Amino acid sequence: MLKHLIQKEFLQIRRNPFLPKLILLFPIVIMCIMPWVMQMEVKNIVVDVVDIDHTVESQRLVQQIAASNYFIFGGQKASYAEAIKDIEKGKADVILEIRDGKYLIAANAVNGTKGSMGSAYLSQIVSSRQPIVNSPLSVLNLYNKHQNYKLFMIPALLAIVMMLMTGFLPTLNIVGEKETGTIEQMNVTPVSKWAFILSKLIPYWLIAFFVITVCLLLAWLIYGLTPAGPLWLVYVLAMLLALFFSSFGLIVSNYSDTMQQAVFVMWFFVVTIMLLSGLFTPTRSMPEWAYVTTYVNPMHYFIDAIRTVFIRGGGFREVAYQVFALLSIGIVMGGWAVQSYKKNH
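It should be emphasised that the depicted structure is a prediction, and the values quoted were computed from it without experimental measurement.

**A few points about the overall build of the protein**
Point 1. On a plain count of helices and strands, the protein comes out with 13 helices and 4 strands.
Point 2. Against the compact-globule benchmark of 20 Å for 345 residues, the protein has a radius of gyration of 26 Å, which places it well outside the compact range.
Point 3. Once the C-alpha set of the protein is aligned to its principal axes, its extents read approximately 90 × 45 × 40 Å.
Point 4. Residue burial in the protein is summarised as follows: out of 345 residues, 46% are buried.
Point 5. Long-range contacts, defined here as pairs at least 24 residues apart, represent 78% of the contacts in the protein between residues at least 6 apart.
Point 6. Carbon and sulfur atoms provide 64% of the accessible area of the protein, an area that totals close to 18,300 Å².
Point 7. Charged side chains in the protein number 26 positive and 19 negative. The centres of these two groups are separated by 12 Å.

Right under this line is the structure:
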C-alpha cells in the first residue's frame, strides 16, 4: 500500500510542469549566486582624506589606503567641513583627517555595519604604521585560515535549501489536494494515517537527499570546498532537518484550509526560526530572553553541527548532542503530524 502511495506522489510531482524545474534549479541558483552576495565582509568603502600635514609619511598613508582592496579613494579634501558634505550627500563613508601627526577617523554610521567595519579597517592601516614597542603580536586563524566567508556561508545555504524545499513543498501538496478535492478520495479508503503521512514525507526526503548532493557537488566544483569532516554525517544532519521541516509543513497543512493561509503561516514560522538560529549572526549576541528560544530551535542545532563538521572537521562525537536534539524534535513533530491529520471514513 505504502509503495503505491509513494508512486502516486512521484507521478504527481512529475506531471506538475513547475515542480521538477524548481527542484533542479533552486539549489543551483542558491549555490551559484548566494555565496557571492550573502557575506558580511565589507568592501568598496569610500574614504575622503583631509591631509593638513602634507608630510611624506601622510602621503604614504594615503597611497596605502588608495591601494587597498577594501577602500575606494574619494580624493583629498581641503577641510573637514568639505569632507562632511560628501558624507551628508552619500558620496563618502569614512573621513580620515591628518593634523599635527594625529589621526581622526569619522565614519557614517547610518549603516552601522559598514560604518563600524570601515572605521576598523582604516584603524588597522593607521595603527600598522605606528611603531610597536615590545609587543610582538601574531594572529592565527583556526579552521578558516584565509577568512573565506564562502566557507562560512555555504553550510548555512544548505540549511536554507533544506528548509524551503522540505518545508514548503509538502505543505502545499496537502493543501493543494484539499482545494482540488482529491484528498476526500483518500479519506474514504482504508489507508491508515501513518501510511498516508509517510507517503507525503518519504518523497520529499528523497528529494532532500538529491538536493543536498547537488549542493555539495556545486560547492566542490565552483568553490573547491568540501566537508572537512565525514560526508555521511552531513547527510545524516540534512535528513534530520528534513524530518523536522517536512513534518512541520504537514502540521501546518493539516490545520490550513487554503493554500494562501498555509503559505503565510509557514512563512511566519520559517523566517522566525531562521533569524533566531544563528545562521547570519551569533546567537550569543541576542538578549537572554531571545537566546532561550535556541534550545527548541532545530535550525540552531543544525547550523552548529553542520559548521562543526563542514569547517572544523568534527566527527559524530563532537555533534552528538545536536544530532540527538534534532532527532528528538523531529520525532515529536512527526508524531504531531500524524495525530493532527483528521481522516474521516
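**Let's talk about the pattern of salt bridges**
Point 1. Per the counting criterion, the structure on display carries 2 salt bridges.
Point 2. Note that aspartate 86 and lysine 77 form a salt bridge whose closest N and O atoms lie 3.2 Å from each other. In terms of burial, aspartate 86 and lysine 77 fall into one category: buried.
Point 3. Between arginine 99 and glutamate 97 there is a salt bridge whose closest N-O contact spans 3.0 Å.
Point 4. Under the relative-accessibility criterion, glutamate 97 is labelled buried at 10%.

**Quick word on the side chain of threonine 283**
Point 1. The topology assignment puts threonine 283 in the loop between helix H10 (259–275) and helix H11 (288–291).
Point 2. With near-sequence residues (within four places) excluded, threonine 283 lies in contact with Leu276, Ser277, Gly278, Tyr291, Thr294 and His300.

**Concerning the layout of surface pockets**
If a probe as big as a water molecule is rolled over the atoms, it shows which places are left empty.
Point 1. Here the second largest pocket is characterised by a volume of approximately 470 Å³.
Point 2. The wall of the second largest pocket is formed by 20 residues, among which Asn16, Leu19, Leu169, Leu172 and Asn173 lie closest to the centre.
Point 3. Broken down by element, the residue count for the lining of the second largest pocket peaks at 9 residues, all from helix H6 (residues 149–180).
Point 4. Partitioned by chemical class, the residues of the lining of the second largest pocket number 12 nonpolar, 6 polar and 2 charged.

**Section: the packing of helix H2 (residues 19–37) against helix H8 (residues 193–223)**
Point 1. Running from N to C, H2 and H8 cross one another at 35°; their axes reach a closest spacing of 9 Å. Here H2 runs over H8; the crossing is right-handed. Judged by residue contacts, Ile23, Leu24, Pro27, Ile28, Met31, Cys32, Ile33, Pro35 and Trp36 of H2 engage Ile207, Phe210, Val211, Val214, Cys215, Leu218, Ala219, Ile222 and Tyr223 from H8.
Point 2. Residues belonging to the contact of H2 with H8 are distributed by class as follows: 18 nonpolar, no polar and no charged.

**Focus: the packing of H6 against H10**
Point 1. Where H6 contacts H10, the two axes come as close as 10 Å, and the packing angle between them is 160°. Taken together, the axis directions place H6 and H10 in an arrangement best described as roughly antiparallel. Between H6 and H10 lies a crossing whose hand is right-handed. Packed against H6, whose contacting residues are Ile160, Met163, Leu164, Gly167, Phe168, Thr171, Leu172, Val175, Gly176 and Glu179, the element H10 presents Met259, Ala262, Val263, Met266, Trp267, Val270 and Met274 at the interface.
Point 2. Class assignment of the residues belonging to the contact of H6 with H10 gives a composition of 13 nonpolar, 3 polar and 1 charged.

**Remarks on a nonpolar patch on the surface**
Point 1. Judged by side-chain polarity, Leu24, Leu25, Val29, Ile33, Trp36, Val37, Phe210, Leu217, Trp220, Leu221 and Ile222 come together as a nonpolar surface patch covering roughly 1,100 Å² of accessible area.
Point 2. Contributions of two or more residues to the nonpolar patch are made by H2 and H8.
Point 3. For the nonpolar patch, the leading source of residues is H2, giving 6 residues.
Point 4. Given the relative accessible area of 49%, tryptophan 220 is considered partly exposed.

**Here's the deal with unusual backbone geometry**
Point 1. In this structure, asparagine 44 is a non-glycine residue whose phi angle is positive, near 55°.
Point 2. Take asparagine 44: it is sitting in the loop between H2 and strand S1 (45–51).
Point 3. Its identity as a non-glycine residue notwithstanding, histidine 54 has a phi of 55°, on the positive side.
Point 4. Mapping histidine 54 onto the fold places it in the loop between S1 and helix H3 (56–67).
Point 5. Exposure remark for histidine 54: the relative accessible area of 57% places this residue in the exposed category.

**Structural notes on the packing of aromatic side chains**
Point 1. Enumeration over the complete set of coordinates arrives at 11 aromatic pairs.
Point 2. Consider the rings of tyrosine 70 and tyrosine 121, whose centres lie 4.8 Å apart with planes at 50°: the pair is tilted. Within this pair, whereas tyrosine 70 is found in the loop between H3 and strand S2 (71–76), its partner tyrosine 121 is found in helix H5 (residues 112–128), the two being separated by 51 residues in sequence.
Point 3. With relative accessibility at 15%, the residue tyrosine 121 sits in the buried group.
Point 4. Measuring from ring centre to ring centre gives 5.8 Å for tyrosine 291 and tyrosine 295, while their planes differ by 80°; the resulting arrangement is edge-to-face.
Point 5. Members of the aromatic cluster, joined through ring pairs, are Phe244, Phe245, Phe248, Phe268 and Phe269.
Point 6. Between arginine 307 and the ring centre of phenylalanine 152, over which it is positioned, the NZ or CZ distance is 3.7 Å.

Reading guide: rules and limits
- Here the residue numbering is sequential within each chain, running from 1 through the sequence in written order.
- Since the coordinates come from a predicted model, pLDDT governs what is reported: local features require at least 70, and pairs of side-chain atoms require 80 or more to be given and counted, while whole-chain, interface and lining totals use all residues.
- Note that water and hydrogens are dropped before the side-chain values are worked out from all heavy atoms of the structure.
- Elements are defined by DSSP. Helices are runs of H or I of four residues or more, strands are runs of E of two residues or more, and each kind is numbered from the N terminus.
- Atoms counted for the radius of gyration: C-alpha only. Globule rule: 2.2 Å times residue count to the power 0.38.
- Partly exposed residues are those whose accessible area sits between 20% and 50% of the maximum for their type, while under 20% is buried and over 50% is exposed, using a 1.4 Å probe and protein chains only.
- For this analysis, residues touch if any pair of their heavy atoms sits within 4.5 Å.
- Areas reported here follow the Shrake-Rupley algorithm with a probe of radius 1.4 Å; residue values treat only the protein chains shown as occluding.
- Only four residue types enter the charge count: Lys and Arg as positive, Asp and Glu as negative, with His and the chain ends excluded.
- Throughout, a charge is located at the NZ atom of Lys, the CZ atom of Arg, the CG atom of Asp or the CD atom of Glu.
- What counts as a salt bridge is simple: a side-chain nitrogen of Lys or Arg found within 4 Å of a carboxyl oxygen of Asp or Glu.
- In this analysis the probe radius is 1.4 Å and the grid spacing 1 Å, with only protein atoms considered; a cavity is a set of points the probe fits into but cannot get out of, a pocket is an open set with protein on both sides within 12 Å along at least five of seven lines, and lining residues have an atom within 4 Å of a point.
- Grid points are joined across faces, edges and corners, and a volume is the space filled by probe spheres set on the points.
- Under the grouping applied here, Gly and all other residues not named as nonpolar or charged are polar, the nonpolar ones being Ala, Val, Leu, Ile, Met, Phe, Trp, Tyr, Cys and Pro and the charged ones Asp, Glu, Lys and Arg.
- To define axes, lines are fitted to C-alpha atoms, for helices over the stretch in contact only, and angles between the resulting N-to-C directions are given on a 0 to 180 degree scale.
- Two helices cross in a left-handed way if the nearer one is turned anticlockwise from the farther one by less than a right angle. They cross in a right-handed way if the turn is clockwise.
- Note that the term roughly parallel is reserved for angles under 35 degrees, roughly antiparallel for angles over 145, roughly perpendicular for angles of 65 to 115, and oblique for everything else.
- Surface patches are drawn from residues lacking salt bridges whose relative accessible area is over 30%; two like charges belong together within 9 Å, two nonpolar side chains (Val, Leu, Ile, Met, Phe, Trp, Tyr) within 5 Å.
- Ring geometry is summarised as follows: Phe, Tyr and Trp rings, the Trp one being its six-membered ring, pair when their centres sit within 6.5 Å, and such pairs are stacked at plane angles under 30 degrees, edge-to-face over 60 and tilted between the two.
- Over a ring means this: the NZ of a Lys or the CZ of an Arg is within 6 Å of the ring centre and within 35 degrees of the ring normal.

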